[in-house]
Amino acid sequence: MIKPRLPVRPIGLTPVRPIRSTLPLSVSINQHVSTIRSSSTKTTSSSSSNSSIKKVNSASTFSSSFFSSHQRPSILLNKSTSPILRTISTTTIRNFSIPSKSFNAKYPFASIIIRLTLSSILGLIVLTSVILFHDAFTYSERHVDRVPCNPLSLKPRLGGKKNLPILEVNLDDEEDDAKRSMKEKPRLVVIGGGWGAVALLQSLPPHAYNVTLISPQTYFAFTPLLPSACVGTVEPRSLVEPLRKLIARVRGHYLMGSAQDIDMAERLLEVEVPKDGGEGTMRCYVPYDKLVIACGSTTNNHGVKGLEHCYQLKTVPDAQAIRRKVMSNLEMASLPTTTPEERKRLLSFVVCGGGPTGVEFAAELADMMAEDVLKYFPKHLSNEVKVTVVQSRDHILNTYSEKISQYAEHRFARNDVDVVINARVQEVFPDKVILSIKDPKDKDAKPTSKEIEAGFVLWSTGIAMQPFTQRLVNLLPNQYHSKAVEVDNYLRVQGAPQGTVYALGDAATVKNDLISDLYGLWDKFDANKDGTLDYEEWQAMVKHIKKYYPLASKYFAKMRDVFDEFDKDKDERLSLNEVASMFLGLSKKVTSYPATAQVASQQGKYLGGMFSKLAKQHKTLEENGIENLSDDAYYHPFEYFHLGSLAYIGNSAVFDYEGFSLAGGLLAMYAWRSIYWSEQTSMRTRMLLMLDWVKRGIFGRDLSKVGSFVSPKML
């Protein structure tokens, strides 16, 4: 008897119930498969083949349906939600898009703009929320009560040769544990707040020295961009960084004052500080263990009369005064009541000095006249504006390559900037400048005299010593330089107690006079005392010179050639007279380091590294009774690495580095800006400087004059 076959459902229509089990996924699948298998064994043996097909089809159907996306339960919905709503909600979330997918497919560019707009709005909302959140915790009231203070900081004791107050303790020495721990550290006093001093502060370890910074200015100024501040290209606020912020890194102290005298026997520095609200001054002593002189320089007057009628460009107040004067002259020249002769004088700007500062100021002034002034001032002024650069040498920018000097002169010629070369200023009057011009072709001819009308005169012609530097030179023996303090290759002041007084930047010049050390070198390297130097002794002397006189090292690169050149009798030996003639010729070739910010910064970093290394061994030296360890016993001499020279010459720039010159073009301009931007002392000044350049490009220069009205009599 044949049993009837059971109806077989199509595989695709087999219903599968959702599995709702708390067991693991693998256990639920096994149990379900076992149930299918047990139910299939109840069928007859005659339908075994059909049952096998059912089992396989049922398992495959379950597997495909279970792992299909439209059967997964949504975790965002409640368990009681119906399966239909679950499927609709999951599909809606997955297909959600702003704009919709159909709109994106139909209008791809519009959808991109919409998304960018919405992203910008969302970003602004997030940024505003962060700012508000920051302000909520920043602008809060803070109260400080019962701050400990040492009585000596309120009433210093008197002492020293002049019986002045000695500032042994500062007001903040007892504020916290970090300040208290600094009291026993060696006292490092830094005079000045320029490039060298700031580089030193940034190179010192935070807790190595008890640092005191003395400067009459409360800020560090980025001096290379001062010409831009004179015409409104950048704002003076973008070029300054408070010294208290910089010195806070080393837990140091700032003292507003100026150094006046020094007592090296008792290690006391005499400082003049303001009192009575700035109306008067008083003097006090600041003790030191190490003193660094980084007070810079002042402008050299070269004995010229009438410099009280000139402006200088060394500080931020100088730049602000120049800006007020230039804008006052322009406004006075725009008045209908001004006579043509007076207008011509007011618009005549004379720059004395063809170095980087004078050239950059003349370029900035010419750019302002061509780009901004003539747009808003009467066009008649364009025929009267005259910028003149007076240079005593054959070319402007004479420290650069000849290619750059010629390019700068051609650029000035296109911008209507007159360059007067081989000229010296004889005298400056309130309304004119008298020049003495030499004929370069006829050296025997007498100089001719020339007068230039001037409504503004900038004096930028070299450097001279500050009063304190001059006082130090007068106190020390063997100091003969006329512009700076002589230091050795470890930046130690010559004649001062060893390891106590250092100088750097414009205030110092590295001694390179080998002839004065001739006898000492001769006694040291004439090993056999025969009165001559053979080649081996000569090699030992040259190695010593390269180490302790880096400025002269490059002239001894080919030792054998130099030896043969001065060995006049060809006896393979150098006599004392032959070495003396060699050193005399070398002293004429060797030049000191240039008075630039680059040199001062490298010297500050060098001293910071040397002092840091000494501080690591301070306890060991103190325990062994060694107070003043010679610097050459643990550190190398200073060596300057020239990184190139930059100058702005009017919507263009020049770059010079070891014979490689880049003049003009957009590349040089961006290189000039990039280097100056990267050399800023903080991210705050970088942001402000970038904003100033952007504002100048979009809105032009600021032509306003800050200050009171200047009467014609003052002009």
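As recorded in an unreviewed UniProt entry, the protein chain goes by NADH dehydrogenase and comes from Kwoniella dejecticola CBS 10117. Taken directly from UniProt, the Subcellular location (unreviewed entry) text for the protein chain runs: "Mitochondrion inner membrane".

K.L.:
Lay out the sheet that holds strand β10 (residues 280-287) with the relevant residues and their values.
P.N.:
Spatially, the 3 strands line up as an open sheet ordered β8-β9-β10, and their pairing is antiparallel. Sheet topology places β8 (258-263) and β10 at the edges, where each strand pairs with a single neighbour. Averaged over neighbouring strand pairs, the angle between their axes works out to 30° when direction is ignored. As judged from the 5 bridges shared by β8 and strand β9 (residues 268-275), these two strands associate in the antiparallel manner. Paired with Ala-259 across the strands is Val-271, a residue of β9. Of the strands in this sheet, β8 and β9 are in contact with helix α15 (residues 467-475), which crosses β8 at around 10°.

K.L.:
Tell me about the UniProt feature "domain: EF-hand" (unreviewed entry) in the protein chain, and please be specific about residues and values.
P.N.:
Feature annotation in UniProt places "domain: EF-hand" (unreviewed entry) on residues 513-548 and 554-589, given in this structure's numbering. The distance from the first to the last C-alpha atom of residues 513-548 is 12 Å, and the span holds 61% helix and 6% strand.

K.L.:
Tell me what's going on with the pattern of salt bridges, and back it up with residues and numbers.
P.N.:
Per the counting criterion, the structure on display carries 23 salt bridges. Where Glu-342 meets Arg-345, a salt bridge forms, and the shortest distance between an N and an O atom there is 2.6 Å. Placement of the pair is Glu-342 and Arg-345 together in helix α12 (residues 340-346), with a separation of 3 residues, close to one helical turn. Taking relative accessible area as the criterion, Arg-345 reaches 10% and is therefore assigned buried. The shortest N-O distance in the salt bridge between Asp-488 and Arg-492 comes to 2.8 Å. The pair Asp-488 / Arg-492 is uniform in exposure class, with both members buried. One connected set of salt bridges, linked through shared partners, spans Lys-162, Asp-261, Glu-270, Glu-272, Arg-283 and Arg-471.

K.L.:
I'd like a description of the packing of aromatic side chains, backed by residues and values.
P.N.:
Enumeration according to the criterion identifies 18 aromatic pairs in this entry. Between Tyr-209 and Phe-611 the ring centres are 6.0 Å apart and the planes differ by 55°, which places this aromatic pair in the tilted class. With Tyr-209 in the loop between α8 (195-203) and β4 (210-215) and Phe-611 in helix α21 (residues 597-616), the pair connects residues that are 402 residues apart, well separated along the chain. Of the two residues, Tyr-209 and Phe-611, both sit in the buried class. What links up through ring pairs into an aromatic cluster is the set Trp-195, Phe-220, Phe-222, Tyr-648, Trp-672 and Tyr-676. The side chain of Lys-432 reaches across the aromatic face of Phe-429, ending 5.3 Å from its centre. A cation sits over an aromatic face here: Arg-686 above Trp-677, 5.7 Å from the ring centre.

What counts, and where the lines are drawn
- Residues numbered from 1 in each chain as written.
- Predicted model: local features only at pLDDT ≥ 70, side-chain atom pairs only at ≥ 80, totals over all residues.
- Heavy atoms only, no water.
- UniProt positions renumbered as here; feature names shortened; annotations may be inferred.
- Pairing = 2+ DSSP bridges.
- Helix = DSSP H or I, 4+ residues; strand = E, 2+ residues; numbered from the N terminus.
- Axes fitted to C-alpha atoms, helices over the stretch in contact; angles between N-to-C directions.
- Contact = heavy atoms within 4.5 Å.
- Salt bridge = Lys/Arg side-chain N within 4 Å of Asp/Glu carboxyl O.
- Buried < 20%, exposed > 50% of the residue type's maximum accessible area, 1.4 Å probe, protein only.
- Phe/Tyr/Trp six-rings, centres within 6.5 Å; stacked < 30°, edge-to-face > 60°.
- Lys NZ or Arg CZ within 6 Å of the ring centre and 35° of its normal.

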